[in-house]
Amino acid sequence: MKVRIALSLTVLAALSACANVKDVRDRDPVFYSSTQRTPEDYTACVASAWKDLGIKFQQKAVRNGFELIQEDSLGVEAVLTTTHWKGKTETRLSTRIARRDQSIIEPANLCL
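Residues numbered from 1 in each chain as written. Predicted model: local features only at pLDDT ≥ 70, side-chain atom pairs only at ≥ 80, totals over all residues. Heavy atoms only, no water.

1. Structural notes on the confidence of the model for the protein
When pLDDT is averaged along the protein, the result is 86, and 83% of the positions lie at 70 or above. Contacts from residues 11-16, a stretch scored under 50 in pLDDT, to residues over four places away or in other chains number zero contacts. (pLDDT = per-residue confidence, 0-100. Contact = heavy atoms within 4.5 Å.)

Next comes the structure, spelled out in structure tokens:
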């Protein structure tokens, strides 16, 4: 009985550690800016830089823009959202794990 409870708690803890896109996107951004580039151009620039750094990610279209989503074994680690709204392109990067912030912020900043 104790083994079953311990196993259940372990599985529950593992599942609760997983983060999804919404969880990470709702966090305070570690990088926020606007650019004169289109969402397509800006996202392509950051995607190319992340790829050169060996960062694995997925690109998805969202309303009025794009997202770059970086995942690891515990779920989504970072989300870069770039959207065009009211005549300007805004970008927002939120992360779940602080240790990777600078390596993914730098390309986001250089592509502005």
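2. Structural notes on the pairing of strand 1 (residues 31-35)
Of the two faces of strand 1, only the one carrying F31, S33 and T35 is buried; Y32 and S34 on the other face are not. Pairing between strand 1 and strand 5 (residues 88-95): five bridges, direction antiparallel. Bridge pairing in strand 5 places S33 opposite T91. (Buried < 20%, exposed > 50% of the residue type's maximum accessible area, 1.4 Å probe, protein only. Helix = DSSP H or I, 4+ residues; strand = E, 2+ residues; numbered from the N terminus. Pairing = 2+ DSSP bridges.)

3. Remarks on the nonpolar core
Grouped together as the largest cluster of nonpolar side chains are 14 residues, with contacts concentrated most on Y42, V46, W50, L80 and L93. For this core, the secondary-structure elements that each account for two or more residues are helix 3 (39-52), strand 4 (75-85) and helix 4 (101-110). Broken down by element, this core gets its largest block of residues, four residues, from helix 3. Leave out the neighbours within four places in its chain, and L93 touches P29, V30, F31, W50, A78, V79, L80, I104 and I105. By size, the runner-up hydrophobic cluster in this structure holds six residues, among which are A19, V21, I69 and V79. (Core = buried A, V, L, I, M, F, W, Y, C linked by side-chain atoms within 4.5 Å.)

4. Concerning the packing of aromatic side chains
All told, the structure shown has one aromatic pair when counted by the stated rule. A ring pair is formed by W50 and F57, whose centres lie 5.9 Å apart and whose planes are at 75°; its orientation type is edge-to-face. (Phe/Tyr/Trp six-rings, centres within 6.5 Å; stacked < 30°, edge-to-face > 60°.)

5. Observations regarding the sheet that holds strand 3 (residues 65-72)
Reading across the sheet, the five strands line up as 1-5-4-3-2 and stay open at both edges, with antiparallel pairing between neighbours. The two strands at the open ends of the sheet, each matched to only one other strand, are strand 1 and strand 2 (58-62). Within the sheet, the average angular offset between the axes of one strand and its neighbour, ignoring direction, is 15°. Pairing between strand 2 and strand 3: five bridges, direction antiparallel. Among the inter-strand pairings, Q58 is bridged to a residue of strand 3, identified as I69. Relative to the sheet, helix 4 contacts strand 1, strand 3, strand 4 and strand 5, its axis offset from that of strand 5 by approximately 170°. (Axes fitted to C-alpha atoms, helices over the stretch in contact; angles between N-to-C directions.)

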